[in-house]
Amino acid sequence: MKTIQDLKRNIRIEIEKLSNRPFYSMHYYGDDCFDKYLLRGAHSLEDYCSFIDTALIQNRGNRFRHNNFGCSAFVAKNENGDILFARNMDCEYAIPMLLNLNEASSYRFISLVNMAFLDWDERTYDSLGTDSKLTLATAYSPSDGINEYGFAVAILTDADAAYPRQKDKITLFDMTMPRLLLSKARSVEEAIHYTEKYNLFYDVAPLHYIVADASGHSAVIEFVEGKMVVTKSENKYQVVTNFPLYGNPAKKGFGKDRYENLQNTLEKQRGIISEEDALELLKSNVIPGDEQWSAVYNLTKKTLSVTFSGAYEHVHRFKMNDF
């Protein structure tokens, strides 16, 4: 286990390597200045990096790295009525980190973060004593996660999205919205409320978000022609890939094949699927060569089952209460 401490900010981070693939876990204790970020916002990647450098990193010369990614996600139930939130993270390169945040102003949550976005490579863990890179900013960028109330969120690319630009709203980097929602939202309705309070900007490609809660409600939050729009589930399940659902009855766009495969399977099963079969369904709908992780969150029991790098025979299981 490696430990990073910032005594000035009273931050302590404990990182453990769990697999040689590699896959890591992180316990993050202390204030990472996220509430200050919400008050200030950022209007560009340079502005965002400037805030992170000043608040946390102290100008160490590292850069955020982003690339295109295409993902799939769905919400369904298992045979016991538990709410399942499933997602594939498909991108060119990833170093997965299971993050557990312990911060006074945030709900407790566990999430998966791609540390490659934070300048990590396979050698970073061994050199943390001399170069922590952007590790202190880990909690800003969950790709998916669940909080203590059984609320979950995941990001997916939507190249057709056009974000709002309203003068009276603070602007945030779109990759940081999941952190906000996991920290503050207990339900889909609260997530919609928090998202509509902000403008967003993107680096490589814009996003849309799928959110769900332990009551079984789900929605896809999207951005069409500069307006936030919401598509709520009309069935016992909901599916999203990489094209907008809103105003797109033909479901045209990148990921249509994956969308139809997921949709058809869940329709045949009336929205009922076991966690094991949910992982199998994710496995059969990855983007070949880009599969980084497949995760199934049980929002009722607040658990996570996840596989990494296409190694579907190795399922890692975690419980919120374990942290």
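Check the entry above for the structure.
Everything numeric here is computed off the predicted structure, so don't read it as measured data. (Residues numbered from 1 in each chain as written. Predicted model: local features only at pLDDT ≥ 70, side-chain atom pairs only at ≥ 80, totals over all residues. Heavy atoms only, no water.)

Chemist: Just to check I follow, could you spell out the overall build of the chain for this structure?
Modeler: Scanning the chain for helices and strands turns up six helices and 18 strands. Relative to its length of 323 residues, the chain is compact, with a C-alpha radius of gyration of 18 Å against a globular reference of 20 Å. Judged by the C-alpha coordinates and their principal axes, the chain covers about 55 × 50 × 35 Å. Every one of the 323 residues in the chain was classed for burial, and the buried ones make up 60%. Pairs at least 24 residues apart make up 66% of the contacts formed inside the chain by residues separated by at least 6 positions. Carbon and sulfur atoms form 45% of the exposed surface of the chain, whose accessible area is close to 13300 Å². When the 37 basic and 44 acidic side-chain charges of the chain are each reduced to a single mean position, those positions are 3 Å apart. (Helix = DSSP H or I, 4+ residues; strand = E, 2+ residues; numbered from the N terminus. Rg over C-alpha atoms; globule rule 2.2 N^0.38 Å. Buried < 20%, exposed > 50% of the residue type's maximum accessible area, 1.4 Å probe, protein only. Contact = heavy atoms within 4.5 Å. Areas by Shrake-Rupley, 256 points an atom, 1.4 Å probe, with all protein chains shown as cover. Lys, Arg positive; Asp, Glu negative; His and termini not counted. Charge placed at Lys NZ, Arg CZ, Asp CG, Glu CD.)

Chemist: I keep staring at helix H2 (residues 45-57) and nothing clicks. Help me out?
Modeler: Owing to its 3.6 residues per turn, the α-helix brings residues three or four apart onto one side. When the terminal C-alpha atoms of H2 are compared, their 15 Å separation across 13 residues is substantially less than the 18 Å that a helix rising 1.5 Å per residue should span. A positive phi of about 65° marks Gln58, the residue just after H2. (Expected span 1.5 Å × (residues − 1).)

Chemist: Can you help me understand the packing of aromatic side chains in this one?
Modeler: Geometry of an aromatic ring pair is reported as the spacing of the ring centres plus the angle between the planes. Under the criterion given, the structure shown has 18 aromatic pairs. Consider the rings of Phe23 and Phe318, whose centres lie 6.2 Å apart with planes at 75°: the pair is edge-to-face. Here Phe23 is found in strand S3 (residues 23-29), whereas its partner Phe318 is found in strand S18 (residues 316-319), with 295 residues between them in sequence. This pair shows no difference in class: Phe23 is buried, exactly as Phe318 is. On the basis of an interplanar angle of 70° and a centroid distance of 5.6 Å, the ring pair of Tyr37 and Tyr48 is categorised as edge-to-face. Remark: Tyr48 occurs in helix H2 and Tyr37 occurs in helix H1 (residues 34-40); sequence separation between them is 11 residues. In this pair, the class of Tyr37 matches that of Tyr48, namely buried. Seen from the ring of Tyr125, Lys2 lies directly overhead, with NZ or CZ sitting 4.5 Å from the centre. Taking the ring centre of Phe34 as reference, the NZ or CZ of Arg179 above it sits at 4.2 Å. (Phe/Tyr/Trp six-rings, centres within 6.5 Å; stacked < 30°, edge-to-face > 60°. Lys NZ or Arg CZ within 6 Å of the ring centre and 35° of its normal.)

Chemist: Would you explain the side chain of Asp121 in this entry?
Modeler: Mapped onto the fold, Asp121 is located in the loop between strand S7 (109-114) and strand S8 (144-147). Only 2.8 Å separates the side chain of Asp121 from the backbone nitrogen of Arg123, close enough to count as a polar contact. Those residues in contact with Asp121 that sit more than four places away from it in its chain are Tyr93, Ile95 and Lys133. (Polar contact = N/O pair within 3.5 Å; in protein donor to acceptor, adjacent residues only side chain to side chain.)

Chemist: Even after reading the chapter, I still don't get the packing of helix H3 (residues 177-184) against helix H4 (residues 188-195), so can you show me in this structure?
Modeler: Packed helices, taken two at a time, are described by the angle their axes make and the gap between the axes. With their axes 10 Å apart at the nearest point, H3 and H4 run at an angle of 135° to one another. One way to sum up the angle between H3 and H4 is to call them oblique. The element H3 and its partner H4 pack so that their crossing is right-handed. For the pair H3 and H4, contact is made by Met177, Leu180, Leu181 and Lys184 and by Glu190, Ala191, Tyr194 and Thr195, respectively. Its residues assigned to classes, the contact of H3 with H4 comprises five nonpolar, one polar and two charged. (Axes fitted to C-alpha atoms, helices over the stretch in contact; angles between N-to-C directions. Parallel < 35°, antiparallel > 145°, perpendicular 65-115°, else oblique. Left-handed = near helix turned anticlockwise from the far one by under 90°. Nonpolar A, V, L, I, M, F, W, Y, C, P; charged D, E, K, R; others polar.)

Chemist: Would you take a moment to explain H3 for this structure?
Modeler: In terms of burial, H3 is largely enclosed, as eight of its eight residues are buried. When H3 is considered as a whole, its buried residues turn out to be Met177, Pro178, Arg179, Leu180, Leu181, Leu182, Ser183 and Lys184.

Chemist: When you look at the layout of surface pockets in this model, what are you seeing that I'm missing?
Modeler: To find leftover empty space, one rolls a probe the size of a water molecule over the atoms. In this structure, the largest pocket spans a volume of roughly 270 Å³. Forming the boundary of the largest pocket are Thr231, Lys232, Ser233, Glu234, Asn235, Tyr237, Gln238, Val239, Leu245, Lys251, Tyr259 and Gln263. Secondary-structure elements contributing two or more residues to the lining of the largest pocket are strand S14 (227-232), strand S15 (238-240) and helix H5 (256-268). Classifying every residue of the lining of the largest pocket gives four nonpolar, five polar and three charged. What the second largest pocket holds in volume is close to 210 Å³. If you go around the second largest pocket, you meet 15 residues; those closest to its centre are Gly216, His217, Ser218, Ser233 and Asn235. Elements that contribute at least two residues to the lining of the second largest pocket include exactly strand S4 (72-77) and H4. By residue class, the composition of the lining of the second largest pocket is five nonpolar, five polar and five charged. (1 Å grid on protein atoms, 1.4 Å probe; cavity = no way out; pocket = protein on both sides within 12 Å on 5 of 7 lines; lining within 4 Å. Points joined across faces, edges and corners; volume = space filled by probe spheres on them.)

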